[in-house]
Amino acid sequence: MGSGADETTSTTHARRQSTGTAGVGRSCLVVLSEPQLGRRIPIEDAELVVGRGSSAGVQIFDSSVSRSHAKLTIRNRQAFLQDLGSTNGTVLGGLALPPHEDFLLEGGDLIRMGDCVIKYLEEGAVESRYHEQLYRSMVIDELTRIYNRRFAVEFLEREMSRTRRHGRELSVVLLDIDHFKFVNDEAGHAAGDEVLRQVAVCLRDQLRREACVARYGGEEFLVILPETGAEGARVVAEMLRAAVESLAPVIDGAPREITVSAGVGVWHDGLRGVEDLVREADGHLYAAKDAGRNCVAG
């Protein structure tokens, strides 16, 4: 508890019953306001800055949130919140926090940063499981059962923040099913849906757990590769291309050759955000298409 809080406030916080277990990998934040309503943010570091700036561990896209607005710290299985001298202030359970003092967090606490409302949840809380299920329904593509574009953007934003803070490598691969329109036109949309499902499973099963694959558009898939540079990304892209080529899904009772073209994008200081990195991969994807399809560029 911060030294500036009065005794009544300190006692109130100390006596509240925890709803779960605080800890790195065991707690999360859930955004309860637009434009990121429902976003679930796992707490994966013992010290995490929340703010609008690109260097924040949790980036909140709201003009009322300061670039470095507040800090969440896990110590001795307890979570603490500290305002970092933000412009519009941090409010915890109706209490406006004085800057640069730690205040104890408990599961279920509501935090207001500017106009953004966030709930802090701990592992084991019933509400945490509910929010996890709700969030999962919002970020899983209904057809392919892999992640959707929304999750891919959030995942990539989080990895970009880590990349900036720790100087790590980061790459993406954008893949597009070749001649997919012909599949729909010749065999029907049900066959096209089955191709999408099989390609999605194929891509997912080839990747290590740290990577993320999402359906990014109609027949486009985005693969995010943390701590992977250009050479490693090209190796992964070629592996994925070859795996899809050997898939040969059965359509109308006969196996059909399905291929993908892939473009690689690699994070560098000249890029500003998610759109820039995906745009770089998309440019290389078009180059792969122009080179005859069923190949990797970038």
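Every chain is numbered independently, its residues counted from 1 as its sequence is written. Confidence filtering applies because this is a predicted model: local features only for residues at pLDDT of at least 70, side-chain atom pairs given and counted only at 80 or more, and all residues used for totals across whole chains, interfaces and linings. To get the side-chain values, all heavy atoms of the structure are used, and hydrogens and water are removed first.

Draft legend 1. Region of interest: the overall build of the protein chain. Within the protein chain, the regular secondary structure consists of 7 helices and 18 strands. Relative accessibility decides the category of a residue: with a 1.4 Å probe and only protein chains considered, values under 20% of the type maximum give buried, values over 50% give exposed, and everything between is partly exposed. Scored against the burial criterion, the 298 residues of the protein chain give a buried share of 51%. When contacts within the protein chain are restricted to residue pairs at least 6 apart in sequence, long-range pairs at least 24 apart make up 57% of them. In this description, accessible areas are obtained by the Shrake-Rupley approach with a 1.4 Å probe, and a residue is regarded as covered only by the protein chains that are shown. On the protein chain, roughly 14,100 Å² of surface is accessible, and the fraction owed to carbon and sulfur atoms is 47%. In DSSP terms, a helix is any run of H or I states spanning at least four residues, a strand is any run of E spanning at least two, and both are numbered starting from the N terminus. We call two residues in contact when some of their heavy atoms are within 4.5 Å.

Draft legend 2. Up close: the pairing of strand β1 (residues 27–31). Among the 5 residues that make up β1, 5 are buried, leaving the element largely enclosed by the rest of the structure. By the alternation rule, side chains of β1 split into S27, L29 and V31 and C28 and V30, which are all buried. Any two strands with at least two DSSP-identified bridges between them are counted as paired. Bridge count between β1 and strand β11 (residues 116–122): 5 bridges; the pairing is antiparallel. Bridge pairing in β11 links V30 to K119. Relative to strand β2 (residues 40–42), β1 runs antiparallel, the two being bridged by 3 bridges. Counterpart to L29 in the pairing with β2 is I41.

Draft legend 3. Up close: helix α7 (residues 274–290). With 17 residues, α7 extends 24 Å between its outermost C-alpha atoms, agreeing within 8% with the 24 Å of an ideal straight helix rising 1.5 Å per residue. Within α7, burial applies to V274, D276, L277, V278, A281, L285, A288 and K289. Looking at the buried residues of α7, the elements they touch are α3 (149–166), β12 (170–177), β14 (220–226), β17 (260–266) and β18 (296–297). Taken from the residues just after α7, G292 is the one with a positive phi, measuring 115 degrees. To estimate how far a helix should extend, the number of its residues minus one is multiplied by 1.5 Å.

Draft legend 4. Structural detail: the nonpolar core. By convention a nonpolar core is built from buried Ala, Val, Leu, Ile, Met, Phe, Trp, Tyr and Cys residues, the set being connected through side-chain atoms within 4.5 Å. Counting 31 residues, the largest nonpolar core has L175, I177 and F221 as the members making the most contacts within it. Contributing elements (two or more residues each) for this core: β12, α4 (180–187), α5 (189–206), β14, α6 (230–245) and β17. Broken down by element, this core gets its largest block of residues, 7 residues, from α5. Discounting chain neighbours no more than four positions away, the residues touching L175 are L203, E219, E220, F221, V223, L240, V260, S261 and A262. In terms of nonpolar packing, the next biggest core, distinct from the first, is built from 23 residues, L29, L72, I74 and L81 among them.

Draft legend 5. Up close: the packing of α3 against α7. Working convention: axes come from line fits to C-alpha atoms, limited for helices to the stretch in contact. Angles between N-to-C directions cover 0 to 180 degrees. Packing of α3 against α7 leaves a shortest axis separation of 10 Å and a crossing angle of 105 degrees. Considering the angle they form, α3 stands roughly perpendicular to α7. The residues of α7 that touch α3, namely those facing V153, L156, E157 and M160, are V274, L277 and V278. When describing relative orientation, an angle under 35 degrees is termed roughly parallel and one over 145 degrees roughly antiparallel, while 65 to 115 degrees is termed roughly perpendicular and anything else oblique.

Draft legend 6. Local environment of the confidence of the model for the protein chain. The predictor reports its confidence for every residue as pLDDT, a score running from 0 up to 100. Chain-level statistics for the protein chain give a pLDDT mean of 86 and a share of 88% at 70 or above. Ignoring residues within four places in sequence, the model shows residues 1–20, a span with pLDDT below 50, making 31 contacts including any to other chains.

Draft legend 7. Region of the structure containing the side chain of T163. Here T163 is to be found in helix α3. Discounting chain neighbours no more than four positions away, the residues touching T163 are R168, E169, L170 and W267.

Draft legend 8. Spatial organisation of the pattern of salt bridges. Within this document, salt bridges are pairs made up of a side-chain nitrogen of Lys or Arg and a carboxyl oxygen of Asp or Glu, the two lying within 4 Å of each other. Under the counting rule described, the total for this entry stands at 18 salt bridges. Put simply, E159 and R162 hold a salt bridge, and the shortest N to O gap is 2.7 Å. Of the two residues, E159 and R162 are both situated in helix α3; the distance of 3 residues between them amounts to about one turn of the helix. Here the two residues E159 and R162 agree in accessibility, since each one is buried. One network of salt bridges, with partners in common, ties together R272, E275, D276 and R279.

Draft legend 9. Highlighting the sheet that holds β2. Read from one edge of the open sheet, 6 strands run β2-β1-β11-β10-β7-β8, paired in antiparallel fashion. What marks the edges here is a single partner per strand, and that holds for β2 and β8 (95–96).

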